[in-house]
Amino acid sequence: PTRRSSDLPIILDVDMGVDDALAIMLALQSPEVELLGISTVFGNVPLNQATRNALQVLELMGRDEIPVYVGAGEPLVRKLVHAAAVHGESGLGDAVLPDPEMLPAGNALDFLIEGIQARPGEVIVVATGPLTNLALVEKKQPGILDQARRVLVMGGALAEAGNITPVSEFNSFADPHAFHQLIKAETNMSLIPLDVTHQLGLAAETIAARLAGRDDAIARFIRESTRTVIAFEQEHYNYAGVHLHDPAAVALGIDSSLFEMETLVLDVETMGELTTGQVVVDRRPFSDEEERQGYPVDCAMKVDVDRLMHMFEHRVLGGE
Ligand code: BDR
Ligand code: CA
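This write-up is about the structure you can find in this document. (Residues numbered from 1 in each chain as written. Chains lettered and ligands numbered in written order. Predicted model: local features only at pLDDT ≥ 70, side-chain atom pairs only at ≥ 80, totals over all residues. Heavy atoms only, no water.)

Our next topic: the site of ligand 1. Around ligand 1, the structure places D19, D20, N44, H87, T128, M154, N163, E169, F170, N171, H245 and D246. One nitrogen or oxygen atom from the side chain of N44 is found 3.1 Å from an oxygen atom belonging to ligand 1. D246 is positioned such that a nitrogen or oxygen atom in its side chain is 2.6 Å from an oxygen atom of ligand 1. If you list the elements that add at least two residues to the shell around ligand 1, you get α1 (18-28), α6 (170-174) and α11 (245-254). Here the shell around ligand 1 is composed, by residue class, of two nonpolar, six polar and four charged. (Near = heavy atom within 4 Å. Polar contact = N/O pair within 3.5 Å; in protein donor to acceptor, adjacent residues only side chain to side chain. Helix = DSSP H or I, 4+ residues; strand = E, 2+ residues; numbered from the N terminus. Nonpolar A, V, L, I, M, F, W, Y, C, P; charged D, E, K, R; others polar.)

This is the structure in structure tokens:
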């Protein structure tokens, strides 16, 4: 269906783990959102797999008019890491989707630059993987991200423990140099850190109850793709469910009243022996802000859990 240009134009930059797929589904099921396209990046899975997953999810949702663009296959500096233990080999858990018929539409960097420039001040970029594509875009065309309406990044752990190392969240760990470039560029970026996304648990029970009686391809996909993450969370954290990290960033784009934001001065560690990817917040109470180490970044500090979960469940799972 064609959409009005007064809608919320969004570009999703994804690494296509399970919750990236759920983030795409939330965007597609949100009438306010005009999804301009999806760009892919290595991360939870290698780049080719991420691209394949994005194409498959769009076809599953019957939205093959939305283009998919191919981005970076490796981090700027450090070695590649993936997260097969969490998201399964394919990135989409146990779900098996048909081979995609669509082909990628081109290069992610050009798409991001042209997409933002085509509608200055309007486009919301939502990044839910390593920040490599965004760093490369900003390097190619300095200032471009400031022409976006917002850049919403799921990444980092502030006071919360990490999820890939003791102190680092996966997206910031996977390409800390890219993340640093982005922080330093002082674009209009907002961060949705683990501290808030860890509050957004979607219980296995809720998934089962909401999808009860449904055996269509979308219901099967949600059940099967989330199974691996649920097993991982159960085994490691004694929690039977999925955290909605990436959908949270889409939700912020749709309704910013779901979050309380605060500007913190921060940076990310790129070279630590134990701390690579750690977000370091300078909380020293200097009277002169300039004295602090790092850059001001708008961070989500609190989330209205009930309202966000309701939005997600209602739009993506349906049912009662
Ligand atoms: C982030 O890492 C990935 O595993 C998820 O898709 C999410 O983007 C959470 O730390
Ligand atoms: Ca992700």
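Once the structure has been displayed, the description carries forward.
Once that is clear, we can look at the pattern of salt bridges. A full pass over the atoms with the stated rule returns 15 salt bridges. Residue R52 pairs with D99 through a salt bridge whose shortest N-O separation is 2.8 Å. Pair noted here: R52 is in helix α2 (residues 47-60) and D99 is in the loop between α3 (84-87) and β4 (106-107), with a separation of 47 residues, a long-range link. R52 gets classed as partly exposed once you look at its relative accessible area, which sits at 30%. A relative accessible area of 55% places D99 in the exposed class. A salt bridge links E313 to R210; the shortest N-O distance between them is 3.4 Å. With E313 in helix α12 (residues 305-317) and R210 in helix α9 (residues 204-211), this pair connects stretches of sequence that are 103 residues apart. Since its relative accessible area comes to 14%, E313 is described here as buried. Connected via shared salt-bridge partners are E34, R119 and E122. (Salt bridge = Lys/Arg side-chain N within 4 Å of Asp/Glu carboxyl O. Buried < 20%, exposed > 50% of the residue type's maximum accessible area, 1.4 Å probe, protein only.)

Extensive coverage of strand β1 (residues 8-14) is indicated by the burial of seven of its seven residues. In β1, alternate side chains face the same way, and those of L8, I10, L12 and V14 on one face and P9, I11 and D13 on the other are all buried. As paired strands, β1 and strand β2 (residues 33-40) are joined by seven bridges and run parallel to one another. Considered in β2, the bridge of I11 is made with G37. (Pairing = 2+ DSSP bridges.)

Attention now moves to the environment of K139. Within the fold, K139 resides in helix α5 (residues 132-140). By relative accessible area, K139 is classed as exposed at 69%. A C-alpha to C-alpha distance of 9.4 Å links K139 and A185, two positions 46 residues apart in sequence.

A108, L109, F111, L112, I113, G115 and I116 are the residues of helix α4 (residues 108-118) that are buried. Buried positions along α4 lie against β1, β2, β3 (68-70), β4, β5 (124-127) and α5. (Contact = heavy atoms within 4.5 Å.)

A separate point is the packing of aromatic side chains. Centre-to-centre distance and the angle between the planes together describe a pair of aromatic rings. All told, the structure shown has one aromatic pair when counted by the stated rule. Centroid distance Y69 to F111: 4.0 Å. Interplanar angle 5 degrees. Geometry classified as stacked. Of this pair, Y69 sits in strand β3 while F111 sits in helix α4, and the two are 42 residues apart along the sequence. According to the relative accessible area criterion, F111 is buried, its value standing at 11%. Above the ring of F173, the side-chain terminus of R78 is found at 4.3 Å from the ring centroid. (Phe/Tyr/Trp six-rings, centres within 6.5 Å; stacked < 30°, edge-to-face > 60°. Lys NZ or Arg CZ within 6 Å of the ring centre and 35° of its normal.)

The subject of this paragraph is the nonpolar core. Of all hydrophobic cores here, the largest spans 66 residues; its most connected members are L12, I38, V57, I192, F221 and F259. For this core, the element with the most residues is α1, which contributes nine residues. Sequence-distant contacts of I192, defined by excluding residues within four places in its chain, comprise L152, V153, M154, G155, T197, A248, A249, L252, F259 and A300. Listed in part, the 34 residues of the second largest apolar core include A108, L109, V268 and C299. (Core = buried A, V, L, I, M, F, W, Y, C linked by side-chain atoms within 4.5 Å.)

On to the environment of A251. One can find A251 in helix α11. Sequence separation of A251 and I66 is 185 residues, and the distance between their C-alpha atoms is 20 Å. Residues within four places of A251 in sequence aside, it is in contact with L26, L258, F259, L308 and M311.

Let us look at the environment of M301. Secondary-structure assignment places M301 in strand β12 (residues 295-303). Here M301 falls in the partly exposed class, since its relative accessible area comes to 30%. For M301 and M261, which are 40 residues apart along the polypeptide, the C-alpha to C-alpha distance reads 5.5 Å. Once you skip the residues sitting within four places of it in the chain, M301 turns out to touch L158, V196, E260, M261, E262 and L264.

Strand order in the open sheet formed by 10 strands is β4-β3-β2-β1-β5-β6-β7-β12-β10-β11, with mixed pairing between adjacent strands. The open sheet is flanked by β4 and β11 (279-281), the only strands paired with a single partner. Alignment of strand β10 (residues 259-268) against β12, held across eight bridges, turns out to be antiparallel. Within the sheet, the bridge partner assigned to M261 lies in β12 and is A300.

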